[in-house]
Amino acid sequence: MTNLLEPDPTRLPERVDAQAAMDAGTDPSDVAAEHPDFSEAWAALAERALEAGEFVPAYAFARTGYHRGLDQLRRAGWKGFGPIPWDHRPNQGFLRALAALAKAAQRLGETEEYERCRKFIADSDPAAAAATGLQ
């Protein structure tokens, strides 16, 4: 049973060329340069920077992916609330960027932003929170 008052889930459109480049192992920097609005490339750059302990670049990469994803969500009909399903692959770039933004913010002492992002991802899809370690 679904909540009839909640909007339909938002599913971003497929990005075949950019996704194929990522799946082929192309460096995310190259994918971002070729497809600057592709959140998955920015998320991958942020995750790589987080792993390297480079929290300021991670924050910048994640924020870029997050904002590019917000633009796309709005174009797809999202009104600022409602489900953004993790199981829809095109949504994962945005959700990963959001999770990376939360993690980088936490490492930089931005507690309010960390909590806002953590709540946003859990509200979008609890599966996304679980998959990104932000439960």
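The structure this text deals with has already been given above.
Residues numbered from 1 in each chain as written. Predicted model: local features only at pLDDT ≥ 70, side-chain atom pairs only at ≥ 80, totals over all residues. Heavy atoms only, no water.

Caption draft 1: Seen up close, the packing of aromatic side chains. This structure, assessed with the given rule, holds 5 aromatic pairs. Their ring planes at 35° and their centres at 6.2 Å tell us that Trp 42 and Phe 61 sit as a pair that is tilted. Taken together, the residues Trp 42 in helix α3 (residues 39–51) and Phe 61 in helix α4 (residues 55–75) connect sequence positions 19 residues apart. When the ring of Tyr 66 is compared with that of Phe 94, the centres are 5.8 Å apart and the planes differ by 20°; the resulting orientation is stacked. One end of the pair, Tyr 66, is in helix α4; the other, Phe 94, is in helix α5 (residues 89–107), with 28 residues separating them in the sequence. (Phe/Tyr/Trp six-rings, centres within 6.5 Å; stacked < 30°, edge-to-face > 60°. Helix = DSSP H or I, 4+ residues; strand = E, 2+ residues; numbered from the N terminus.)

Caption draft 2: Region of the structure containing the pattern of salt bridges. Under the counting rule described, the total for this entry stands at 10 salt bridges. Between Arg 15 and Asp 37 there is a salt bridge whose closest N-O contact spans 3.0 Å. Here Arg 15 is found in the segment before α1 (16–23), whereas its partner Asp 37 is found in the loop between α2 (28–34) and α3, with 22 residues between them in sequence. The residue Arg 116 makes a salt bridge to Glu 113 at a minimum N-O spacing of 3.1 Å. Here Arg 116 and its partner Glu 113 are both found in helix α6 (residues 111–124), 3 residues apart, which amounts to about one turn of the helix. The exposure class of Arg 116 is partly exposed, given its relative accessible area of 37%. Using a relative accessible area of 9% as the deciding quantity, one classes Glu 113 as buried. Where salt bridges share partners, they join Asp 23, Glu 40, Glu 47, Arg 89 and Arg 96 into one cluster. (Salt bridge = Lys/Arg side-chain N within 4 Å of Asp/Glu carboxyl O. Buried < 20%, exposed > 50% of the residue type's maximum accessible area, 1.4 Å probe, protein only.)

Caption draft 3: Geometry of the environment of Glu 14. When you line up the elements, Glu 14 lands in the segment before α1. In sequence terms Glu 14 and His 88 are 74 residues apart; their C-alpha atoms lie 9.4 Å from each other. Apart from residues lying up to four places away in sequence, Glu 14 is in contact with His 88 and Pro 90. (Contact = heavy atoms within 4.5 Å.)

Caption draft 4: Examining α5 more closely. With 19 residues, α5 ought to run about 27 Å at 1.5 Å a step, and its terminal C-alpha atoms sit 27 Å apart, in line with that. Counting buried residues along α5, 15 of its 19 residues qualify, which places the element largely inside the surrounding structure. Residue Gly 109 follows α5 closely and has a positive phi angle near 80°. (Expected span 1.5 Å × (residues − 1).)

Caption draft 5: Empty space enclosed by the protein, seen in detail. In this structure the tally under the stated criterion is 1 cavity of 30 Å³ or more. Space inside the largest cavity adds up to approximately 130 Å³. For the largest cavity, the lining is made up of 13 residues, of which Arg 15, Gln 19, Phe 38, Arg 89 and Pro 90 are closest to its centre. Secondary-structure elements contributing two or more residues to the lining of the largest cavity are α3 and α5. Looking at the lining of the largest cavity, the element that brings in the most residues is α5, giving 4 residues. Broken down by class, the residue content of the lining of the largest cavity amounts to 5 nonpolar, 4 polar and 4 charged. (1 Å grid on protein atoms, 1.4 Å probe; cavity = no way out; pocket = protein on both sides within 12 Å on 5 of 7 lines; lining within 4 Å. Points joined across faces, edges and corners; volume = space filled by probe spheres on them. Nonpolar A, V, L, I, M, F, W, Y, C, P; charged D, E, K, R; others polar.)

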